[in-house]
Amino acid sequence: MSLLQHTGPSTLYTELAELPLPVSADFVSSDVARVTYSVRDHERNITRSLTKTFPGGITSDNQTTSHDSSEVKAFATSPSKSRQAILREVANGISTKRFVEIWAGAQIEASLDVTKYHDAFHTDDFTSSLSFSPSETSLLYTAEANINSDDNPSDDPYPKFRFTPHFGEPSRARKRSTIFLFRWTRSTAFTRAAKQDMLLVALSLAQPTRVPVLFGQASFATEDVIYASGHEHTKDGRLLGVQWCFNRPMGIWEIKLPESAIVQGTPFGAKISCDALKLTPSERSCRSPRVLYNDNQTPTKLFWFSNPVGGPHASCVSLESRDLPTGTNTVLVDTVMEPTPENDFPGLYPNYNMSSNPFLRRGDRTYIVLHSLWRSRATILFIDTESGTISDETKMRDGEPLYSWSLLATDNKTRFICSRSTPNIPSEVLLGYFDRHDNLNWKVLDKPTMSFATENALRDLTASIIPIGARPPTETLVIQSNKASTRPGPKPICITMPHGGPHASSTTSFYPAIAALALEGYTLSLPNYTGSMGFGEKYIQKLLGHCGTMDVQDVVESVNELVVQGGSHGGFLSAHLIGQYPTLFNAAVMRNPVTSAGELAASDIPDWAYAEFGLQFMPDSLMTPATFQKLFEASPIAHVDNVRAPVLLLIGEDDLRAVPAQGLRFYHALKGRERRVEMLWFKGETHPLDGVEAARVSWEAGRDWFKKLGQNPAD
């Protein structure tokens, strides 16, 4: 009989997981904000989008809700707020048709069927573009180039099968990121532009590059100057995975469009050659270019994020700028090695990108606004665009909830939209604005709607941040039920949940799966061990060469007792913990774990094992016996003989990061040693296991595993 027995669905988990999550926002006019939410639908097993519009800004409490069409893949508002660009994909039987649309109010100004000119639109964080020109008569977007876009049809089968590297997680389909320029002439009769009044071309470089470069994140600075990020192939023909990785070979480029007369008449979808200049050095990984304009709408400065190429996959971010009139590059906010008593700022740890419009005006100063990790919280920072001076605008104050904040959008003037949450308060949406004295004020625009029972249950949860004494500044976030922790009898089982990465962080944000486990009566400990982000670059570098020892020891120091659960590097740590400390944990659950670091050749980030275990990764690196021995000894598989706790493995079949063979290897090793082990295999799921059904089943499986086995000491 299987150890894993389903005890039924959880209405609490379902309700919490289906709460709308704010993911983006924009200002569609000077006084109207629009927020887009992601919503999990368990009945249909899909993730939907809905949009709430908030008219009136600070003077109105009205809102309207619309359910977005799944056809809309991306949309953007023009600088004047008078136009909308929409990238649309329409299912047509077994095929898909793609359209680029420009709307002026309720009227469509231009629309083009682009299906035969390229493949899918790119809407991810790494390559997507959607930018109006200053005149609002041209649009840049990114899409997957056709395999043979320039060639005449032929009987040659080789292009279809020739190897082309992909961008890695979460899909093998992104290989040929290409910037497209869509241009239209407005009709004087206010009718839709005719096809002869439209142009669609793919941008390519006039000059050859040392290695292939794929472009994305493009935005107009002027009618003929574009800034974009360029992803470079490695010397050995790879595109190293970019998801959660800040250290890839890529740079900021200035691309100049040819004169309109030269472009005019180019066949739809054809390539045009552009002069281009890389603005950043090869040893820096640079992304997210953003242009600042003065009051005359002249571009004056360019800003971007920067990290070292190679080394840890995520690290302290530098904010750099270029003075466009002089062409001088400057580091505005540098790497912070370690906070000091006089200045506890740990450095920048933002998302992969800045907001599409990150600028705010406060008095006579202009600021970049972003959210950044600061120890175990995410907070809103204002960065002066001239001096680089940083102010923490949502600093933690005594007696306040442990809010973590996320910036969603600014209006490029004096207003911005954020979301905030805590481990027991789901996401709220707020409008930040300056009064006539330039003081920052907040207005809550939206709060989630929950049943009375769920709202009351969440009030019973408490969260606290506790130092891990052995190795400052590490700390753990503890979430527990007041009722469960104070009732007579045995104290609640503690689930230790180390995060992945290892260079990531557990924050005080609301996570439905974690809150639902706490509401089941478990105490949860989420340790930010050495190597976590938000504490200073020194502590990221400190872990390199010590994975599997230093991080494991930190987690052990944070442990109360009994069970452990983690994914990715958190799964790596969980497997290490039950092998190195076989009597400490009663049960373990692991999602897509790394179990044998020497067997990651098929991963989209093969350099990870080298960097994290203190080895150098080069284009000609080979897995020698000596290298494999070092990685084997630092891996959980080296301790598999000691494992006594029952293990549940949750594996995504299409994981390109910690490839399924890692979990499969551990499963068979435990089975062969007659240990208690079960494995759930999720077809079509990638590294996060975040599909609607996969996330629900994974949560229920962890709950049932701990419910049955968490109370019993390992044999």
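Right above here is the structure, for reference.
All of these numbers come straight from a predicted model, not from anything done at the bench.

Colleague: How do you make sense of the overall build of the protein when you look at a structure like this?
Modeller: Looking only at helices and strands, the protein features 13 helices and 36 strands. A compact globule built from 715 residues would reach a C-alpha radius of gyration of about 27 Å, and the protein, at 26 Å, matches this within 12%. Dimensions of the protein along its principal axes, counting C-alpha atoms only, are 80 × 65 × 55 Å. Here the protein holds 715 residues, and 56% of them are scored as buried.

Colleague: Mind showing me how you'd approach the sheet that holds strand S17 (residues 284-293) here?
Modeller: Each strand in a sheet pairs with another by means of backbone hydrogen bonds, the pair being arranged parallel or else antiparallel. If you trace the 4 strands from one edge of the open sheet to the other, you get S17-S18-S19-S20, paired in antiparallel fashion. Both outer strands of the open sheet, S17 and strand S20 (328-333), are each paired with one neighbouring strand and no more. Strand-to-strand, the axes of this sheet are offset by a mean angle of 30°, without reference to chain direction. Here S17 pairs with strand S18 (residues 299-308) via 8 bridges, running antiparallel. Bridge pairing in S18 links Arg-290 to Phe-303.

Colleague: Just checking my understanding: could you explain the packing of helix H8 (residues 550-558) against helix H9 (residues 569-580) for this structure?
Modeller: A pair of packed helices is captured by two measures, namely the crossing angle of their axes and the spacing between those axes. The contact between H8 and H9 brings their axes to 10 Å, and the two run at 75°. In terms of axis orientation, H8 runs roughly perpendicular to H9. Contacts from Asp-551, Val-552, Val-555 and Val-556 of H8 reach H9 at His-569, Phe-572, Leu-573, His-576, Leu-577 and Gln-580. Its residues assigned to classes, the contact of H8 with H9 shows 6 nonpolar, 3 polar and 1 charged.

Colleague: I would appreciate a short explanation of helix H13 (residues 692-709) in the present structure.
Modeller: Note: α-helices contain 3.6 residues per turn, so residues at a spacing of three or four share the same orientation. The terminal C-alpha atoms of H13, which comprises 18 residues, lie 26 Å apart, in line with the 26 Å expected from a rise of 1.5 Å per residue. Counting buried residues in H13 gives 13 out of 18 residues, a clear majority hidden from the surface.

Colleague: Could you clarify how one ought to interpret the packing of aromatic side chains in this entry?
Modeller: Aromatic ring pairs are described here by two measures, namely the spacing of the ring centres and the angle between the planes. This structure, assessed with the given rule, holds 22 aromatic pairs. When the ring of Tyr-403 is compared with that of Trp-405, the centres are 6.2 Å apart and the planes differ by 65°; the resulting orientation is edge-to-face. Summarising the burial analysis for this pair, Tyr-403 and Trp-405 share the class buried. Aromatic side chains Phe-572 and Trp-608 sit 6.5 Å apart centroid to centroid with 85° between the ring planes, which places their arrangement in the edge-to-face category. In this pair, Phe-572 sits in helix H9 while Trp-608 sits in helix H10 (residues 607-612), placing the two residues 36 residues apart along the sequence.

Colleague: Explanation requested: helix H6 (residues 512-519) in the structure shown.
Modeller: Those residues of H6 not exposed but buried are Ile-514, Ala-515, Ala-516, Leu-517 and Ala-518. Two residues or fewer past H6, Gly-521 is found with a positive phi of approximately 105°.

Colleague: Before we go on, may I ask you to explain the nonpolar core in this structure?
Modeller: Soluble, globular proteins show a tendency: their nonpolar side chains are buried together. Counting residues in each nonpolar core, the largest one holds 39 residues, and the members touching the most others are Ile-578, Met-590, Phe-613, Val-647, Leu-649 and Phe-666. For this core, the elements supplying multiple residues, two or more each, are H8, H9, strand S34 (585-591), H10, strand S35 (647-652) and helix H12 (660-672). The greatest single-element share of this core, amounting to 5 residues, is contributed by H9. Those residues in contact with Leu-649 that lie beyond four places of it in its chain are Met-590, Pro-593, Gly-663, Phe-666, Tyr-667, Val-677, Glu-678, Met-679 and Leu-680.

Colleague: Would you take a moment to explain the sheet that holds strand S7 (residues 95-104) for this structure?
Modeller: Pairing in this open sheet of 4 strands is antiparallel, and the strands run S5-S6-S7-S8 from one edge to the other. Of all strands in the sheet, those bounded by a partner on one side alone are strand S5 (72-77) and strand S8 (107-113). Each strand axis lies, on average, 20° off the axis of its neighbour in the sheet, ignoring direction. Here 6 bridges tie S7 to S8, and the two strands are oriented antiparallel to one another. By the bridge assignment for S8, Ile-102 is matched with Ala-110.

Colleague: Hey, could you run me through the pairing of S7 in this one?
Modeller: Side-chain direction in a regular strand flips from residue to residue, so the side chains alternate between the two faces of the sheet. As paired strands, strand S6 (residues 83-92) and S7 are joined by 10 bridges and run antiparallel to one another. What sits directly across from Asn-92, in S7, is Ser-95. Two successive antiparallel strands, S6 and S7, enclose a turn made up of 2 residues, where Gly-93 displays a positive phi of approximately 70°. In sequence, S7 turns back onto S8 through a hairpin of 2 residues, with Gly-105 there showing a positive phi of about 65°.

Colleague: Looking at this model, I keep getting lost on the pairing of strand S15 (residues 250-256). Mind explaining?
Modeller: Counting buried positions over the 7 residues of S15 gives 6, a clear majority of the element. Two strands pair when backbone bridges link them, and strand S14 (residues 225-232) and S15 are joined in this way by 7 bridges, in the antiparallel orientation. Pairing of Ile-226 across the sheet is with Ile-255, part of S15. Of the strand pairs in this sheet, S15 and strand S16 (residues 271-278) are connected by 4 bridges, and their pairing is antiparallel. Within the sheet, the bridge partner assigned to Ile-255 lies in S16 and is Ala-276.

What counts and what doesn't
- Residues numbered from 1 in each chain as written.
- Predicted model: local features only at pLDDT ≥ 70, side-chain atom pairs only at ≥ 80, totals over all residues.
- Heavy atoms only, no water.
- Helix = DSSP H or I, 4+ residues; strand = E, 2+ residues; numbered from the N terminus.
- Rg over C-alpha atoms; globule rule 2.2 N^0.38 Å.
- Buried < 20%, exposed > 50% of the residue type's maximum accessible area, 1.4 Å probe, protein only.
- Pairing = 2+ DSSP bridges.
- Axes fitted to C-alpha atoms, helices over the stretch in contact; angles between N-to-C directions.
- Parallel < 35°, antiparallel > 145°, perpendicular 65-115°, else oblique.
- Contact = heavy atoms within 4.5 Å.
- Nonpolar A, V, L, I, M, F, W, Y, C, P; charged D, E, K, R; others polar.
- Expected span 1.5 Å × (residues − 1).
- Phe/Tyr/Trp six-rings, centres within 6.5 Å; stacked < 30°, edge-to-face > 60°.
- Core = buried A, V, L, I, M, F, W, Y, C linked by side-chain atoms within 4.5 Å.

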